[in-house]
Amino acid sequence: MQDVKRTVITGKAISLDGNDIDTDRIIPARFLRCVTFDDLGAHAFEDDRKQLAEKGKRHAFDDPSRQEARVLVVDRNFGCGSSREHAPQALMRWNKGIAAIIGESYAEIFFGNCVALGVPCLTATHDAIQELKKELASDPALEISVDLERKEARAGKVRAALSMPEGARKQLLTGRWDSSTELLEGKAAIASTAKALPYFGHWH
Amino acid sequence: MGKSLYDKVFEKHAVRQLQEGQYQLLMGLHLIHEVTSPQAFSMLRERGLTVPYPERTFATCDHIIPTKSQLRPFQDELAEQMLVELEKNCAQYGIRYLSPKKGEQGIVHVVGPELGLTQPGTTVCCGDSHTSTHGAFGAIAFGIGTTQVRDVLATQTLAMDKLKVRRIEVNGKLRPGVYAKDVVLYVIQQLGVQGGMGYAYEFGGTVFDAFTMEERMTVCNMSIEGGARCGYVNPDATTYAYLKDREYSPKGAAWEQAVKYWDSMRSDADAAYDHIVQYRAQDIEPMVTWGITPAQSTAVNAKLPQASSFAEGDRPLIEEAYQYMGFTPGAALAGQKIDVAFIGSCTNGRFSDFEEVVKHLKASGKKVKPGVRALVVPGSQKVRERMIEAGFDKVFTEAGFEFREAGCSMCLAMNPDKLVGRELCASSSNRNFKGRQGSPTGRTLLMSPVMVAAAAISGGVADAREVFAIKS
């Protein structure tokens, strides 16, 4: 059985520059015409990648030396916009699969979707992110460790303090991020809360 | 200190605290559509889970449905497959499907309120970020992902953290030609697209008190564009008048009981807020976005801002926006030629949105400029029916607009209505992200429906107050 505990995630890294990268950019809407998430990985950032390629530039996701990356480093308000879980699903299914994200901040729905899929999104200060990015840019082979227990990222000579809301961090550490089991256990409490609501089962 | 509506609704719906500190929150209403639900049903099947409260989930089809003809099977096989899946899932689990065949279909955030499903003092969720719309009724309403859709189907609950509450007051009187859309674009411009992170937005003040329910929905709809997962307006006589006699509204003695409950859920006069901001209605002008986030907007007659007027950290995005849009700082947006005009979406696809445009089209007798592709897309089949009864279809088609079937249409590029190449679109929708309207290089200018009509007539961005002689 797959280990569901998320304590330290180690792997190569990939960085993206820019604030407010929305989920339409992570996975363009036309790829949402599907009934499974299976084939989304190949289309992560597809339009951004194409447009840069047309200008003779290269998107990080097209960099041959970054194809094995498991940790994504981003800036502020990553994953804003649409609630589509297809966005984290695409990242999880891109090549080896993004298994952890470090950024300045995340849009809330995106953050919640990631936790529900067991992908930790940790935050660090602007300066720490820039320092990490600089270190990672120097060597594509460099591995980064994202340590949820010690709330720290380690890459080469850089150590960066990380933070994450305690509840989500504990869920990931203990492997209890798959919410269904715990929610199902509340069956009796659900029924009594529903009964106490004046509208539930009465006028609505 | 008193409590806010958010606090009261959260407390009433909190089932228990979970091991890691989150709350298990009961959902009063769950709405689903064809895009974010199929995988959730697959997960239910894989795990052998059932749906214990099927009567609290309602389904519609909006994102993928073509607006030229809703005839089945759809030409797009993938779209057809998604709808077949939705129909099958609803039938298997006993969920009411608002079918196009019965004239019940529409955008999820238009049909919920229309049926009286969205009610004050309740919790509402949907696998769609614009679920914040339903907060207009004094509900706590927010978007969720597909795994959470699974959780709601299986347990009628979600694991949630409690948000902080920011009260946003707009006081005074809006000037003629300034609409709800302008108010929300202004608020987002002031607070930024990440300003609402961690907050629920409570909209209050004399402007919101005077707004109709449809205007309140326009504002709450775009809370998420300001980073706030939910936004709401306290329920009042306007809310109750809207709800009276709708299909799912309480009737008879239950109505009296409901009003009592709804009144009790309003924020207390001495409610504690984590943050309060106040704006003056007279400072708000007709707004237009010029960039690639909903906060990158300006008053229609103002010059486009210089990158240097933004904080240093924001400048790369500002420069990226100018490059993508092909606009120049210091220039005016007015007069900028457009290719497409779109009136519709969950933000501005309701009857009163079209009614206001029709009023100005009739009074001015003006027509869409040749060369501009102009679409009018009702938010639901019921809205469309009412429009036809009122003769709006004729007014629009005679003025040069295409009058379409109900759906999300050109808001989001999942159906045949899309921009082509670098086309520039004046749009009453909610997102101006890169590629949002279906062409990876397409460009969107967000504005009110009346401003879109003014742009369609002028062939370029224009101040609707001048085009339609709206006196200030």
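Throughout what follows, the structure given in this document is the object of discussion. Predicted, not measured: the structure shown is a model, and the values here were computed from it.

**Considerations on the overall build of chain B**
Next, step 1: Scanning chain B for helices and strands turns up 17 helices and 19 strands.
Next, step 2: Its C-alpha radius of gyration of 21 Å places chain B within 12% of the 23 Å reference for a compact globule of 472 residues.
Next, step 3: Principal-axis analysis of the C-alpha atoms gives chain B an extent of 55 × 55 × 45 Å.
Next, step 4: Of all 472 residues assigned to chain B, the portion counted as buried reaches 67%.
Next, step 5: If you take every contact in chain B between residues at least 6 apart in sequence, the share linking residues at least 24 apart comes to 75%.
Next, step 6: Just so you have it, chain B exposes about 15,500 Å², and 50% of that area is on carbon and sulfur atoms.
Next, step 7: Side-chain charges in chain B split into 52 positive and 52 negative, and the spacing between the mean points of these groups amounts to 2 Å.

**What about empty space enclosed by the protein?**
Residues and elements named next belong to chain B.
Next, step 1: Counted by the stated rule, this structure contains 8 cavities of 30 Å³ or more.
Next, step 2: If you add up the space inside the largest cavity, you get close to 210 Å³.
Next, step 3: Taken together, 21 residues form the lining of the largest cavity, with His 63, Asp 128, His 130, Leu 412 and Arg 436 sitting closest to its centre.
Next, step 4: Class assignment of the residues belonging to the lining of the largest cavity gives a composition of 7 nonpolar, 10 polar and 4 charged.
Next, step 5: Both domains that furnish three or more residues to the lining of the largest cavity are identified here as domain 1 (5–275) and domain 2 (287–467).

**Section: the sheet that holds strand S3 (residues 29–32) of chain B**
All names here are of chain B.
Next, step 1: Pairing in this open sheet of 5 strands is parallel, and the strands run S5-S4-S3-S6-S7 from one edge to the other. Of all strands in the sheet, those bounded by a partner on one side alone are strand S5 (96–97) and strand S7 (140–143).
Next, step 2: Two elements, S3 and strand S4 (residues 57–59), share 3 bridges in a ladder whose sense is parallel. Looking at S4, one finds that Leu 31 is bridged to Phe 58.
Next, step 3: Each of S3, S4 and strand S6 (123–126) is contacted by helix H5 (residues 146–155), which is oriented at about 130° to S3, the strand it contacts most.

**Quick look at the packing of aromatic side chains**
Next, step 1: All told, the structure shown has 24 aromatic pairs over all chains when counted by the stated rule.
Next, step 2: For the ring pair Trp 290 of chain B and Tyr 322 of chain B, a centre distance of 4.4 Å and an interplane angle of 20° mean the geometry is stacked. Residue Trp 290 of chain B is found in the loop between strand S13 (287–289) and strand S14 (297–299), and its partner Tyr 322 of chain B is found in helix H11 (residues 315–325); the two are separated by 32 residues along the sequence. Like Trp 290 of chain B, the residue Tyr 322 of chain B is buried in the burial classification.
Next, step 3: Over the face of the ring belonging to Phe 200 of chain A we find Arg 56 of chain B, whose NZ or CZ atom lies 3.8 Å from the ring centre.

**Considering the pairing of strand S9 (residues 164–171) of chain B**
Consecutive residues of a regular strand have side chains that alternate between opposite faces of the sheet.
Residue and element names in this part refer to chain B.
Next, step 1: Of all 8 residues in S9, 6 are buried; the element is thus mostly enclosed.
Next, step 2: Examined bridge by bridge, S9 and strand S10 (residues 199–204) share 6 bridges and lie parallel to one another. Bridge assignment links Glu 169 to a residue of S10, and that residue is Gly 204.
Next, step 3: On the question of chirality, the crossover connecting S9 to the parallel S10 by way of helix H6 (residues 180–191) is right-handed.
Next, step 4: Pairing analysis gives 6 bridges linking S9 to strand S12 (residues 275–280), with the strands arranged parallel. When the sheet's bridge partners are listed, Asn 171 is paired in S12 with Arg 280.

**Observations regarding the interface of chain A and chain B**
Next, step 1: Residue-level contacts link 58 residues of chain A with 82 residues of chain B.
Next, step 2: Note on chain A versus chain B: buried area summed over both sides is about 5,800 Å², and carbon and sulfur give 56% of it.
Next, step 3: Its largest share of buried area at the contact with chain B, chain A owes to Arg 33, Val 35 and Trp 203 of chain A, together 15% of the area lost on that side.
Next, step 4: Counting across the chain A and chain B interface gives 7 salt bridges.
Next, step 5: We note a salt bridge from Asp 178 of chain A to Arg 150 of chain B, for which the minimum N-O separation is 3.2 Å.

**Some remarks on the side chain of Thr 123 of chain B**
Next, step 1: With respect to the secondary-structure elements, Thr 123 of chain B resides in strand S6.
Next, step 2: A distance of 2.8 Å separates a polar atom in the side chain of Thr 123 of chain B from the backbone nitrogen of Gly 28 of chain B.
Next, step 3: Not counting residues up to four positions away in its chain, the partners in contact with Thr 123 of chain B are Tyr 199 of chain A together with Val 9, His 13, Leu 26, Met 27, Gly 28, Leu 29 and Ile 140 of chain B.

**Observations regarding the layout of surface pockets**
Next, step 1: Within this model, the largest pocket holds a volume of roughly 1,100 Å³.
Next, step 2: Lining the largest pocket are 38 residues; nearest its centre among them are Asp 17, Gly 18, Arg 25 and Leu 52 of chain A together with Glu 320 of chain B.
Next, step 3: Among the secondary structure elements, those contributing two or more residues to the lining of the largest pocket are strand S1 (8–15), helix H2 (46–54) and helix H5 (126–138) of chain A together with H11 of chain B.
Next, step 4: The leading source of residues in the lining of the largest pocket is H11 of chain B, at 6 residues.
Next, step 5: Here the second largest pocket is characterised by a volume of approximately 940 Å³.

**Regarding the environment of Glu 87 of chain B**
Next, step 1: Here Glu 87 of chain B lies in helix H3 (residues 77–93).
Next, step 2: For Glu 87 of chain B, the residues in contact, after removing those within four places along its chain, are Arg 72 and Tyr 97 of chain B.

**Some remarks on the sheet that holds strand S6 (residues 152–155) of chain A**
Residue and element names in this part refer to chain A.
Next, step 1: In spatial order, the strands read S4-S3-S2-S1-S5-S6-S7; together these 7 strands make up an open sheet with mixed pairing. At either end of the open sheet lies a strand with only one pairing partner, and these are strand S4 (121–123) and strand S7 (158–161). Ignoring strand direction, the axes of neighbouring strands in this sheet form an average angle of 30°.
Next, step 2: Across 4 bridges, strand S5 (residues 143–147) lies against S6 in antiparallel orientation. Looking across to S6, one finds that Asp 147 is bridged to Glu 152.
Next, step 3: Sheet contacts for H5: S1, strand S2 (71–73), strand S3 (100–103), S5, S6 and S7; angle to S7, the most-contacted strand, approximately 150°.

Cut-off values and rules
- Residues numbered from 1 in each chain as written.
- Chains lettered and ligands numbered in written order.
- Predicted model: local features only at pLDDT ≥ 70, side-chain atom pairs only at ≥ 80, totals over all residues.
- Heavy atoms only, no water.
- Helix = DSSP H or I, 4+ residues; strand = E, 2+ residues; numbered from the N terminus.
- Rg over C-alpha atoms; globule rule 2.2 N^0.38 Å.
- Buried < 20%, exposed > 50% of the residue type's maximum accessible area, 1.4 Å probe, protein only.
- Contact = heavy atoms within 4.5 Å.
- Areas by Shrake-Rupley, 256 points an atom, 1.4 Å probe, with all protein chains shown as cover.
- Lys, Arg positive; Asp, Glu negative; His and termini not counted.
- Charge placed at Lys NZ, Arg CZ, Asp CG, Glu CD.
- 1 Å grid on protein atoms, 1.4 Å probe; cavity = no way out; pocket = protein on both sides within 12 Å on 5 of 7 lines; lining within 4 Å.
- Points joined across faces, edges and corners; volume = space filled by probe spheres on them.
- Nonpolar A, V, L, I, M, F, W, Y, C, P; charged D, E, K, R; others polar.
- Domains from an automatic or database assignment.
- Pairing = 2+ DSSP bridges.
- Axes fitted to C-alpha atoms, helices over the stretch in contact; angles between N-to-C directions.
- Phe/Tyr/Trp six-rings, centres within 6.5 Å; stacked < 30°, edge-to-face > 60°.
- Lys NZ or Arg CZ within 6 Å of the ring centre and 35° of its normal.
- Right-handed = clockwise from strand over helix to strand, strands pointing away.
- Buried area = accessible area lost by both parts, 1.4 Å probe.
- Salt bridge = Lys/Arg side-chain N within 4 Å of Asp/Glu carboxyl O.
- Polar contact = N/O pair within 3.5 Å; in protein donor to acceptor, adjacent residues only side chain to side chain.

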